[in-house]
Amino acid sequence: MKKINTNNSELEQLKKLLLESELKKLEELEKKIDLIKFESYDQDSILSKITPLFDRLLLDSLQAKYSKTTGILSVYVAQIIARSSDHNKEELSKSLQPIISPAIKKEIEDNRDGMVDTFYPIIGNIVSKYVTQAIKELMETINKNIESGLSISKYKRKVKAKISGVSETELLLEESHSTTIYSFLVIQKDTGLLIADAHLDNKKIEDPHMVASMASAMKDFINDWVDNNTSSQEVQILSYGDATLYIESAGSAYIIAFLDDEPDRTLRREINKYFGSLVDAYSSFFSKFDGDDSVDEVKYISQNLYAQLNKLYKVDKKEKKNSNTLKYIFMFITFLLLMYGLNISYKWYRKHQLLEEIYTKTSQKIIINNENNHLTLIGQVDSISKSHKIENIVKRSTKLDIKNNLSISLKNLDNTLKAKDIMINNKIDFTQSQHLKEYKDLKEEISDILNRLKNLEKSNDRFKNIINIRSKIYSKLDDSLKNNICYESKTHSLNSKELNLFTASSSNLKDNKMNLFQDCLERYLDIIVDYKEYVSKIVIEGYSDSSGKLKENIDISSNRAKKIKLFIENMPIVKDNNLNELLRTEAYGSANSIFIDGKEDKNASRRVEVKFKIDSKKILNKLKRIIGD
Amino acid sequence: MIRKKILLLGDFSVGKTSLIRRYIDKTFDDSYLTTIGVKISEKELTIDDVDLKLLIWDVEGATKTKKIPLAYFKGASAAIFVADVSRKDTMSSIANHIETFLEVNPNANYVIAYNKSDLLSKEEEASLILPNNSFLSSAKKDENIEILFEILAKEIVTQYKEKGR
C-alpha cells in the first residue's frame, strides 16, 4: 500500500474533522481509567464502595430463614465474648452493662413468670440461706435474753427444756401463743363418713359431713402423694388461711381437731392423749361404723367430744386471760416508763430553754443543778445585778427553792460597786428633789383639807342651830317669861286667863288689865322676832265662857281674838319687823272652858291664847342647803 | 339417718360432673376436683321411711400422668360408672373401672350410666345393647339421672333393713 505523505497539521485537522466524537470519548475513557487506577490504590475509597454492599449482604443473610450466617456468627460471637472475658473482663463488663440491664428489665416485664422460674433456684437458695442464718441469729439472741432473764418461770422453762430436749427458745415461743380448738371431728377412715363431731357455739361448721369427707379425701390424697415420694411420715397438719386441721390417724378412724393456728407441742400432746383415750374406748365401734348415726355410741362420742372441747376452751380462755393480765401489767409498766422518760425529757427541755433564756437576756452562761428539791445556780457572772436577774428568771419558771451560788470576779465587783455608788448618789439627789416637791404638794393639800374642815365645822354649827331652833325659842321664852302669869311654860304660849281681860259677853278690854298682857306680848314677840324666818304663823286664839249660845260664843271669841290681833299689829316690834303678816286669829267659843274644882271660872274662860308655829318646811330647806354646801 | 359413700367413676369428659350437678343438694367448689381429683357432693333422700344421706365422691378419671389414690375407693357402698356413648373408648374402659372398684369394695352395688344420649340418633340408640344395671342418660336433657341414684339408694336401704335395724 502506498503511503500518503501529508504534513502533521493537516493530518491533525483531518483527524479532528473525521474523529471528533470518538476522540472525546477516548479522552473521557482515559480520565476514567486514571480515576480507577487511583481508586484501586486508595483504601478509603475502596472501603466506602464495598461497605454498603457488605452490610446489605450481611443483613440479607441474617434475615434469611435458613441462613448459615447466624450459626457461624453465634459461634464466633460466643468465642469473642469468651476471649474478651478472659483477657479484658472489666472492659467487657463496661460494654455489656448498658445493654444487659435494660434487656433484663424488658424480659422481666414481658415474661415475669419465666424469669421467676429461671432465677428461683438461685435466689430461692440465697434467700433460704440468709433467712436461715437470720433465724439462727434471732434464736441465739432470744437464748441469750433468756439466759440473762430472772424469773421463776425461767427456771421452770429450763427444767422443762432439759427434760423434753426442746430448746428454751421453742418453749418460749410456744408459751407466747395460745391456740384455740374450735371443732373435733371423728371420721371413719375408709368411708370418710363422719362418726361424731363437736363444735364451739360460735364456730359451727355448716355441713360437717361434707367437710369430713373432703378432709378424708385430702388426707388420702396427700398421704398417697407422700407415699409415692418415699416419705414414711404421715401428714398430720393441714393449714389453709386462718384454719388449721390437726389430723391424727388412729386405727380405722381419723380424729381431726380444727384450730385457729398450728398447735404447739403441749397442745398436740394433749390432743393426742385425748385421741388415744377415744380410740381405747371406741376403736371397735370405729371399724364397725356403717353410717347409721342413730346408735348410742355416736351420742356418747359426741358428748365426750363436746366435754373435752369445752374443757380445753376454758383452759385456753384462762390462759389467754392470764396472758392478757401480764400484757396489761407490761403495758402499764411500759406506760410508766414512758411517762418517766417524757418527764425527764421535759425537764431537760425546760432546763435547756431556761439556760437559753438566761443567755439571751444576760449573756451569761451558767449551770443549773437540780438537787434535793432545790435548784442550785452555779457559774461566774459579770455583776450582782445579772446574778439577781438570773435568779429572777429562774424563779419565774419554777416553784422549787433556788440556791444562788453564782460568783462575781473581784474586778467586776469593784466596777459594779463604783457604778452602784454613782447610781445611789444620783438616786439620792433625785429622791431629795422629789421629796421636796411631794412635801409642797402635801402642804397645799393639808391646808385645803383644813379649810374644808373649818367650813364643815361652820356648817355643822349652823346645822345644829337649825335643828335646835324650836328648843332654843322655847328655852329663851322660858327664861324671859318665867313665873309670869301670862306665860304657860308647858305650851310655850301666852294665856290671858289669869288677867280677866274681857268683860262678859263682849270683846271689850278692861283698861287696867291690858298693860300687863302688853308687857307679856312684847317679851314674847321680842324672842320670836329673832326666829321670824322659821315661824310660819303667830296664832291668836279667842275663847268665851260657856254661858250663852254656841254661835254667839264663837262670835264673841272671834271678836276677842281680832281685838288682840289689832292690838298686836299696832305694837312697834310688830310693825318694825313685819310680823303682822304672820298674825292669824282662830275662834273656839266655849271650847276648853276653864274649870276649877268642877266649877267653871268664867272670868278665866273669857280669854285669848297667843301661840307660834314653827315652819318645818323652812327648816328642812335650810338643812338641805347646808348639806348641799 | 344413715349415711353412705357413693362413687362416681369414669374416664375424662364423660359428663360425670354435669350429671351430678343435675342431682345434688350441696357441693364443694369444682376447684377441688382439679386439685385433688375428687369433689364431694351431698344428697338427702327418704326411701321407705328411712332417711338417707348420700355423700357422692365425684372421682376424676385417671390418666397416664395423673393417678387417683385408691384410698378414694375405700368404704364406698356403691358406685355409678359413667361412659360417653359418643366415645367408644370410654365405654370399653368401664370394665376396668368396675374391676378396680370391686377389688376394693367386693360387696358394693353399682349401676352404669351411658351418658350424652342426646348425641345419639334414633338408629344408633336402637342398635345399642346395654348390659344389666345400665341406663342411657343425658345430663343435658335431664334424662335418667335420678333413677341411677335411686336404684342404689333403694339397694342400700334394703341391705340396711335386712341387717335388722
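Note: the structure precedes this text.
Structure report, in brief. A quick note: this is a predicted structure, and the numbers were derived from the prediction, not measured. (Residues numbered from 1 in each chain as written. Chains lettered and ligands numbered in written order. Predicted model: local features only at pLDDT ≥ 70, side-chain atom pairs only at ≥ 80, totals over all residues.)

### Some words on the overall build of chain A
And then number 1: The secondary structure content of chain A amounts to 18 helices and 15 strands.
And then number 2: In chain A, buried positions account for 19% of the 629 residues.
And then number 3: Residue pairs in contact within chain A that sit at least 24 positions apart in sequence constitute 62% of those at least 6 positions apart. (Helix = DSSP H or I, 4+ residues; strand = E, 2+ residues; numbered from the N terminus. Buried ≥ 20, exposed ≤ 12 C-beta atoms within 10 Å, placed from the backbone. Contact = placed C-beta atoms within 7 Å.)

### Observations concerning the overall build of chain B
And then number 1: What chain B contains, in helices and strands, is 6 helices and 7 strands.
And then number 2: Along chain B, helices and strands appear, N-terminal first, in the series β-α-β-α-β-β-β-α-α-β-α-β-α.
And then number 3: With 165 residues in all, chain B has 41% of them scored as buried.
And then number 4: Relative to all contacts within chain B whose residues are 6 or more apart in sequence, the contacts with residues 24 or more apart total 63%.

### Focus: the pairing of strand β3 (residues 38-47) of chain B
All names here are of chain B.
And then number 1: Relative to strand β4 (residues 50-59), β3 runs antiparallel, the two sharing 10 bridges. Each residue of the ladder has a partner; that of Lys39, found in β4, is Asp58.
And then number 2: Turn length for the β3-β4 hairpin, with the two strands adjacent in sequence and antiparallel, is 2 residues, and the turn residue Asp48 shows positive phi of about 50°. (Pairing = 2+ DSSP bridges.)

### Some thoughts on helix α2 (residues 43-63) of chain A
All names here are of chain A.
And then number 1: The terminal C-alpha atoms of α2 lie 29 Å apart, and with 21 residues this matches the ideal 30 Å at 1.5 Å per residue to within 8%.
And then number 2: Taking the largest bend as the criterion, α2 deviates by roughly 30°, centred on Ile50, and proline Pro52 comes between one and four positions later.
And then number 3: With 0 of 21 residues buried, α2 is to be regarded as a mostly surface element. (Expected span 1.5 Å × (residues − 1). Bend = angle between axes of the 7 residues up to and from the residue.)

### Digging into the nonpolar core
And then number 1: Ranked by internal contacts, the top residues of the largest apolar core, which has 86 residues, are Ile187(A), Ile256(A) and Ala79(B).
And then number 2: Beyond its immediate sequence surroundings of up to four residues, Ala79(B) is in contact with Ile6(B), Leu7(B), Leu9(B), Phe101(B), Ala108(B) and Tyr110(B).
And then number 3: Within the second largest apolar cluster, 26 residues are counted, among which are Ile527(A), Ile568(A), Val574(A) and Phe612(A). (Core = buried A, V, L, I, M, F, W, Y, C linked by C-beta atoms within 7 Å.)

### Describing the interface of chain A and chain B
Buried accessible area, meaning the area lost when the parts come together, often serves as the stated size of an interface.
And then number 1: Contact with chain A, which involves 18 residues of that partner, is made by 21 residues of chain B.
And then number 2: Tallying contributions element by element places helix α8 (residues 208-228) of chain A first for the side of chain A that touches chain B, with 9 residues.
And then number 3: Taken together, the residues of the side of chain A that touches chain B sort by class into 6 nonpolar, 6 polar and 6 charged. (Nonpolar A, V, L, I, M, F, W, Y, C, P; charged D, E, K, R; others polar.)

### Looking at the sheet that holds strand β8 (residues 401-408) of chain A
Residue and element names in this part refer to chain A.
And then number 1: A sheet is described by the order of its strands in space; here 3 strands give the open sequence β6-β7-β8, paired in mixed fashion. The sheet is open, and its two edges are formed by β6 (367-371) and β8, each paired on a single side. The average undirected angle you get between the axes of adjacent strands in this sheet is 15°.
And then number 2: Direction of pairing for β6 relative to strand β7 (residues 374-381): antiparallel, over a ladder of 5 bridges. Bridged to Asn369 within β7 is Thr376. (Axes fitted to C-alpha atoms, helices over the stretch in contact; angles between N-to-C directions.)

### Description of unusual backbone geometry
Working note: non-glycine residues mostly have negative phi, and peptide bonds are mostly trans.
All names here are of chain A.
And then number 1: Residues other than glycine seldom take positive phi values, yet Asn578 does so here, at roughly 50°.
And then number 2: By the secondary structure assignment, Asn578 is in the loop between α16 (572-576) and β12 (583-587).
And then number 3: Its identity as a non-glycine residue notwithstanding, Asn592 has a phi of 60°, on the positive side.
And then number 4: Structurally, the position occupied by Asn592 is in the loop between β12 and β13 (595-596).
And then number 5: The exposure class assigned to Asn592 is exposed, which follows from the 11 C-beta atoms found within 10 Å.

### Describing the environment of Ile485(A)
All names here are of chain A.
And then number 1: Its location among the elements puts Ile485 in the loop between α13 (469-481) and β9 (487-488).
And then number 2: Ile485 sits in the partly exposed class, given 14 other C-beta atoms within 10 Å.
And then number 3: Residues Ile485 and Asn495 lie 10 residues apart in sequence; the distance between their C-alpha atoms is 8.1 Å.
And then number 4: Setting aside residues up to four positions removed in sequence, Ile485 forms contacts with Glu498 and Leu499.

### Quick look at the pairing of strand β5 (residues 253-259) of chain A
Each regular strand carries side chains that alternate between the two faces of the sheet.
All names here are of chain A.
And then number 1: Judged by how many residues are buried, β5 sits mostly within the fold: 7 of 7 residues are covered.
And then number 2: Side chains of β5 alternate between two faces, with Ala253, Ile255, Ala257 and Leu259 and Tyr254, Ile256 and Phe258 buried alike.
And then number 3: For strand β1 (residues 181-188) and β5, the ladder comprises 7 bridges, and the chain directions are antiparallel. Within β5, the position partnered with Ile187 by the bridge is Tyr254.
And then number 4: Taken together, the 7 bridges between strand β4 (residues 243-250) and β5 define a ladder with antiparallel strand orientation. Paired with Thr244 across the bridge in β5 is Leu259.
And then number 5: Hairpin connection between β4 and β5: a loop of 2 residues separates the two successive antiparallel strands, and Gly251 in this loop has a positive phi of roughly 60°.

### Considering the sheet that holds strand β11 (residues 535-542) of chain A
All names here are of chain A.
And then number 1: With respect to topology, 5 strands assemble into an open sheet ordered β9-β10-β15-β11-β12, the strand pairing being mixed. With partners counted over all chains shown, the strands left at the sheet margins are β9 and β12, one partner each.
And then number 2: As paired strands, β11 and β12 are joined by 5 bridges and run parallel to one another. Directly across from Gly542, in β12, lies its bridge partner Ala587.

Geometry only, nothing functional implied.
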